[in-house]
Structures are given as C-alpha cells and as structure tokens.
Amino acid sequence: MSVRNLEALLQPRSVALIGASDRANSVGAVVLRNLKAGGFKGPIWPVNHKHTRISGEQAWPDAASLPGTPDLAVICTPAASVPAIVAELGRRGTRAAIVMSAGLRQARKEGGTWESAMLDAARPHLLRVVGPNCLGILVPGIGLNASFAPGNALPGNIAFVTQSGALATAMLDWANGRGIGFSHFISLGDVADVDFGDVLDYLGSDPGTRAILMYMESVTSARKFMSAARAAARNKPVIVVKGGRAPDGARAAASHTGALAGSDLVFDAAVRRAGMLRVDTLEDLFGAAETLAHRQAWAGHRLAVLTNGGGAGVLAADALALGGGRLAELSPQTLAALDACLPPAWSHGNPVDIVGDAPVSRYQDALRILLAAPEVDGVLFMHAPTAIVPANDIAAACLPLVAQRAKTVLACWLGAPSVASARASFSGAGVPCFDTPERAVTAWLHLAAYARNQAALRELPGLGEQAGPPDTERIGKILQEAAACGQRWLDAVQVHQVLQACGIAALSMGRARDANEAAALARRIGFPVALKVMSPDVVHKSDVGGVEIGLTSADEVLAAALRMDESLARLAPHAALQGFVVQAMADRPGALELIAGMARDPVFGPVILFGEGGTAVELHARHAVALAPVNDALAKDLVSRAGMDVLLGGYRGSRPADTAAVRDVLQKISRLACEQALLAELDINPLLVDEHGVLAVDARMGLHAPGAAPLPPAISPYPANLEAEVQLNGISLSLRPIRPEDGRRLATFYARATPADMRLRFFMARREVPHSELARYSQIDYDREMTFIALAPRAGDSPEMVGEVRAVCDPDNERAEFAIQVAAPWQGKGLGRLLLDRLLDYLRARGTAEVSGQCLRENTAMAGLARSAGFTVADAGDSDTFSMRLALNPSPHRAVGYKIDRSDRS
C-alpha cells in the first residue's frame, strides 16, 4: 500500500475516538480534550463501552452504533482489544486509524502478535493504520489534534514526521517556543502499516507543505522509500535526521567491503541518491529548512567570508575546513580591488577582515567587490557590534547590494539587542541570518550538500559507452554449482571464471592439488608467479601465511607450498587444505592499488564500494559507497567521493590512470550485484590501475547462506529484458526503455519537433524543454514509471530518437497516466500504434488497473489512435481537451480519494 486512503487519515471529515475517557490524565481523556480544543470542524464521536456520556457529551458503546461512518478512528484501548476494533471499523467503512496503544508486538495465545492480528483485520477493508505505539497526528490547517501531545501545533507549511513519540512532544514544545508552524505533525510509532514512504508520497504533492522534515530510526521498505523520497525531493526540500549513527560495521564481516559499507554510510548514500539532505541535529533540521526556504541562486562551493572581526573570521574558516568546505581563493584582480578601498591593516586574503573601525562605505565596497568576483560563489557577511557605526545603518546600506545578488549570501549578526533590528532587516529581505559563525557555516555546508544531491537528480550524462553485457547464464551456473556443493565462498578459480564472464581483466591462474602440481603449473604460466593457499575455511589468506609472491623457480614454488601447509596447520588447524592457486604476477610498476566490491545491506540491498586498496584497506579513509545500480555518471561520482581523483589524475609526475576503465569495472560489479541474487559480497583487492587500464589481482566472492532471502536493489535497475528490435516499413528500429544517458538525445528529439507538435504534446507553446524536465523525463523510476523510446539507425552516427511513449503510475498501481510523441517524419507510418501497444502490454503485465490520458480537441490523430487501441475518448469537461481511458486489469479495490497530479504531463 501507499497513498491509498491517506486522505481519510490526514484530511478527515469526521473522527471517532475509541477509548474516550473521563479519567484524569488518561490517554483517552487527553486525546478527547485535544480533539475538542484543536478547532476541528467535523463531528467528534467518543466511544466507550461502559459509559453513555463522556465529558458531558453523548458517547457510543461501539463503532457499529455511531450515527455516521468516521473517516478517521483514534484507538487508545488495551492491545488485546485492537484487532477486533479495527475489524469492526473496517466493516463500518472507516478507512484510516491511529493506534496509540502500546504492547501490540506481544505474542498471542492463538499465535502471532496482536499487531499481526490488527493488520489482518485491516487488510480486507484497505484500512490504513498509523502506529501502534504512537503519539498521534496534528494537522493545524484543519484544526485536527488527534494526539496526546501536551499542546497544539501552530499552523505553517513545514511537515514533521517522526518515529519517536517522546521526541515528537519535545520538538512540538521547542517549535511552539520559536513560533514554528506545521502543515502536518506526524508520529509514526512502530510503523506497522503507514511508513515514511507512504507519508513522503502524500506530502511530496501536498501544496500546503513547503518542506518535509523527518526524524528516522529505521527504513521498513527500502524500494518504496527510495521511490517516494526521489519523487518528493524533486518537488521540495526533504531533510532528515537519523538516529543510530554509531557504525555497526564492527559486526563480523568476512570481506573488506562488508566491513567498510556500514549501515550509516549506506543510509548516507541513499539520502544522496534521493536528492534529500541529511543533517546531524534536530536544531539543524529546522535551520536547514529555513535556509533552503529562501531558495537563493547557487553558483558553487567557493565561499568568501566578509567580517569586521578577525576572530569571527578565523572561527568561520575553521568550521568550513572541518566540514569539508572550501574558501574561495581570491584572484589578484579581486585583491587589488580590495586593496584600493580597504585600509592597509586589512587581512589581504579570505576571510576578508575589513577591521573593526569599518564605516558603512567599507562594508559596501568590500561586499560589492566580492559579489562581482568570478572566483567567489557565495558570501558570508559577518558583523560584530561596535560603537562606531550602528548595525542598522550597515544593514540599510548593504541590503540594496544583497537584493541584486546573483550569488548565495548568508549573514551572521553577532550579538543580541544591538543587532536585532539589522538581523530582522536582512531576514525580511530573504537573507538567512545566524547568531554564530559556526551556525552560519553549517548552513552553507547544508546548502552545498543539498545542491550537490539535487544536481545528481538533474544531471544529463552523456551517451558514453555502456558497460559490456556479462555472460549472465555462465555466471549463474557457476554460482548455482557452488551453492549446490555447500560452498560459502567461491574458490579462486571460480572467482576468476566469474570475472572473465563479467569482462573484468584478471591475471591468468590455475589450480593445483599439491606442491608438485603447483610447481609444474608455474612452469606453464611462466615466472614469476604468486602462490596462494586454497581452503574453504580461509577467507583472508595472508592472515595464515597463505600468500607468497615473486616466486621465480619451480623450487621456490615447492618450498613455498610446504611452508603454507605447515603454517595453515599451525595457525588454522581447523581449515581443510584443498590445494593451491598459482597465479601470474602483475608487471604494472607504478600502478595504483584500489578496492572495488559489493555487499548486501540488510535494508537497501546491494551497495557498491570503491576506494584505496591494499592489505590495510580498513585503515584508509579514502573509500565511499553507492547504492546499486550505478551508471557511468554515478560511478564517476563514487570515484570522486572516495577522494581518489587526485591520485587517478596523475600525482607527482605519474601518468593519469585510465579512469574510464575504473568506472567500467564499477558498472560491471553493479550489474553483477543486481542480476545475481546468490552473490552476497565481493571484493576485488587489489584492483590495479594505470594508464593501460585495470587488472584484478585478487578477488573473493561470498554466497548467501542456504535459505537466505537476499534483498533486491532499493532502486529498480534498468530493465534490459524489455529491449526489442522491431521492423517497421522495412526499417529496423530499437525499442527499449529510456536510460539516464538518453537525456541529451531526448533534448534533440524535442528540439527537432515542430512547434505544433510541441503544443499538442505539452498543451502549450514552448520552444525548448528545460534541463530539469529533461532530467526528470530521462531519469525515471522503473518501479513506478516506464518510457519506451524508438531509435532509428543513422549512417555514421549514433541512432536517433524518433518516438517516445511514457506512463506514470500512481504509488498503488491503480492508474497510469500516459503521453506519446512521434517525430514528424515518422508520423502516419504506424510507429505511434507500435509504441502504444508496447506500453499497454507492459502495463497489463505489471497489473496496472487503468490507463488514462488527455489530448487537445484539435489533436484528432491522437484521439483516433486511442480509439483504435480500445480507449474510451470523451469530453474532459472543458472546451479544450478530450479524456482517454482504458481498463486494463479491473481491481476489486479501487483507490479512495486518490488524485493524479497533473502538474507534470509527462
């Protein structure tokens, strides 16, 4: 489930309180008082099976006896009573409930828990449940306070969603004290049904919500969460604080990747991928919301600090450096301009200290220069009060400059009463203001992180080279045979075979049963060689003396094998020796040692790790993780975040490495992780790279334990199985799902369309499609959307896009809205019908109940195409458009109150 029936939960017209009470300080009494005091306009029906009057008003014994069907029920009765109450409400027609009761995870004599029984009772009626064990929900805009919070919330345009009830009451009190209002204030409790993904889907399209703030402790359904988060973050800021930051990577992990890819790093990767912002504290949560609300132009990460106090400037610079930020390096031209207007004692660098006796004109001149400097992307304006010039005068003089800014400006007015008016002036002009340098810099870092994450959502990667397809069938057979033999880890030869099937270059090797066979194999491979012990009970061979390199003769190989046998018996007496692996030595002097691998996070599924390799890999700070799947652009970002750009780009005279080959390996590992569910973890360490390419020197691959159910990727990978080659009028066309790399191809397709076609497609005249829309149309969520494009061959060039058809499904897969466009030279040739049939077949297969669309009345070709495909074409209720509808898979349960957002006619 997702947004289904959330309207009844968050916009109810009537409320029943099950467990209403007169008993002082009971939950039932507090909730009833809050419901009455909140200003809710609809009926509030107390339910109590013992009393006919509660708080002087009529009460009803049960839901069946109520005078009407409540949209929302609030339940605060003992755990054992909840399942029967939910079943009764469902039969009555109620579609949403808030369960405040605790203890539902206790076992029942009949089996299962009270919580599972509650969900079983709700499911047949599609009744949505928030909780159990939650504080409740407040929607100030409609006067709803269905909670046992100690007070009400102020109305506003920020939504706050939390798993912690205790934290919710504290935050509500904190926000009220600072005049912060909310569109919604939601406590999810134990998240038995309604979860963060559901709420994000609803709030992401809610026009009364400007920003979504979340306190999270866990994610229950990663794929739904990521789909909802990515969709919401395209519309408004989504800011997250997550509890449990302490790394749990110290758990026993056999592979380096498993140890390095701790859950908090993975959650960070998920936040980045979704375009959200993660902050460290609850205070940062609201501060970031306020900063992002001003939506200033973002030019880049280079910050200039303008201050009248050296100490404040130093604190700001320190905070920026510690946070990984970047001070702008002022150019000679900028320094010369500042020299001309500042006294000799100024700092002659960044931070720009204009000295404590600065008059108003000095502030104006320095600010004007910094805002005009091309090497400066943003300015932090700081002022400490002095007796020389009132802060108000400085604010009044500088505001006209700030108002004309094309760059981000933040302000820090140090002090309290003497700068209060100046701070208010800047805030009123939309300039975020802070009372300490550290908080101002934190805000800048939040802006930088948010801009970086949002840029990933808008990126249009080039076509580039797609990673070659692996031999999926061969890899699957190797893994299945190993699993059938009870192997937890693939042996070295199996690993080598998998790498070959993936197209990842690896050293030649062979397996030997004993020392003599190892020596003979070494002669055939050619010296020097490396010798490695083979044992299913040993993962890190170097820990038991199981690796020797640089062996230059058969005698050295024999001696090394005997040493390994003795060392294994001494250091790992339980390990079974199965022989030896003889491997060619890599002759790549100067090559960098990297690590590339994958592990399966228990929440987000497969994750990809990259960074500095070697035997001490866990001690290195240079590594990063990303959620699978990754394309070339995401692989490039992963390399950058690992801090390896400088080394790979050529360092201290070394030649630049083949970074394209590195990205290709990361994409191949990603595809392996997405396609091979048996694979639990993988390390390639070291992965050598230099200007000649990459070479896997050592690798290990682990399988899931028998009976394990590995999680799929949290983000649906590209569905290569939907690719097809079709013939149309003797021309071979490629018909496939769109990829992020098609963004520029899509831009060309729209640019070549006639003005008339663009008007028919977008219902308005437009010369071009903005970059942000192109990114949105090409970076689709395959879990909820589909776009098929038709590509025609061009002599001596890449194929050109000649048609597209797309559908966006609601989160419940009840309805999809479609659109189609065909290039002018291909119209009237059957391509439109070909594309539409392909889309309809896909939607039928995924179980979508209905597909609909709209077209302008003048678009007779579209209306005719729809009718020929079985659509009902009718008047849409206005003078301009037709509606088109087709039932695909009629559902016994239709969404109640669900509305398609037509702001995006994609």
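Whatever comes next refers back to the structure up there.
Residues numbered from 1 in each chain as written. Predicted model: local features only at pLDDT ≥ 70, side-chain atom pairs only at ≥ 80, totals over all residues. Heavy atoms only, no water.

(A) The arrangement of the packing of helix α3 (residues 82-92) against helix α4 (residues 114-122) in detail. Viewed as axis vectors pointing N to C, α3 and α4 meet at an angle of 10°, and their least axial separation amounts to 8 Å. The angle between α3 and α4 places the two elements in the roughly parallel class. Packed against α3, whose contacting residues are Val82, Pro83, Val86 and Ala87, the element α4 presents Trp114, Ala117, Met118, Ala121 and Ala122 at the interface. (Axes fitted to C-alpha atoms, helices over the stretch in contact; angles between N-to-C directions. Helix = DSSP H or I, 4+ residues; strand = E, 2+ residues; numbered from the N terminus. Parallel < 35°, antiparallel > 145°, perpendicular 65-115°, else oblique. Contact = heavy atoms within 4.5 Å.)

(B) Up close: empty space enclosed by the protein. Tallied over the full model, the rule gives two cavities of 30 Å³ or more. If you add up the space inside the largest cavity, you get close to 90 Å³. Every residue lining the largest cavity is counted, 14 residues in all, and those nearest its centre are Met509, Gln583, Val697, Asp698 and Ala699. Here the lining of the largest cavity takes four residues from helix α18 (residues 492-502), the largest share from any one element. Looking at the lining of the largest cavity, its residues break down into nine nonpolar, two polar and three charged. Asp195, Phe196, Gly197, Ser218, Val219, Thr220, Ser221, Lys224 and Phe225 together form the lining of the second largest cavity. Going through the elements one at a time, α6 (196-204) and α7 (222-235) are the ones with two or more residues in the lining of the second largest cavity. Split by residue class, the lining of the second largest cavity holds three nonpolar, four polar and two charged. (1 Å grid on protein atoms, 1.4 Å probe; cavity = no way out; pocket = protein on both sides within 12 Å on 5 of 7 lines; lining within 4 Å. Points joined across faces, edges and corners; volume = space filled by probe spheres on them. Nonpolar A, V, L, I, M, F, W, Y, C, P; charged D, E, K, R; others polar.)

(C) The pattern of salt bridges, seen in detail. Counted according to the given criterion, the structure contains 47 salt bridges. Put simply, Arg885 and Glu850 hold a salt bridge, and the shortest N to O gap is 2.8 Å. Linking Arg885 in strand β38 (residues 881-887) with Glu850 in strand β36 (residues 850-856), this pair joins segments that are 35 residues apart in sequence. You can call Glu850 buried: its relative accessible area is 15%. Put simply, Arg128, Asp193, Asp195, Asp198 and Lys224 are held in one network by salt bridges that share partners. (Salt bridge = Lys/Arg side-chain N within 4 Å of Asp/Glu carboxyl O. Buried < 20%, exposed > 50% of the residue type's maximum accessible area, 1.4 Å probe, protein only.)

(D) Structural view of the layout of surface pockets. Here the second largest pocket defines a volume of roughly 1300 Å³. Lining the second largest pocket we find 48 residues, and of these Pro629, Val630, Asn631, Leu634 and Glu741 sit closest to its centre. Taken together, the elements giving at least two residues each to the lining of the second largest pocket come down to α9 (263-274), α16 (437-458), β27 (623-627), α21 (632-641) and α23 (659-675). Looking at the lining of the second largest pocket residue by residue, the class counts come to 24 nonpolar, nine polar and 15 charged.

(E) Seen up close, unusual backbone geometry. A cis amide bond links Phe527 with the next residue in sequence, Pro528, at an omega value of -5°. Position of Pro528 relative to the elements: it lies in the loop between α19 (515-525) and β22 (529-534). The peptide bond linking Ala628 to Pro629 adopts the cis configuration, its omega dihedral lying at 0°. Residue position: Pro629 is located in the loop between β27 and α21. At Asn133, a residue that is not glycine, the phi angle is positive and equals roughly 60°. The residue His348 is not glycine, and still its phi comes out positive at about 55°. Mapped onto the elements, His348 comes out in the loop between α12 (332-341) and β17 (352-353).

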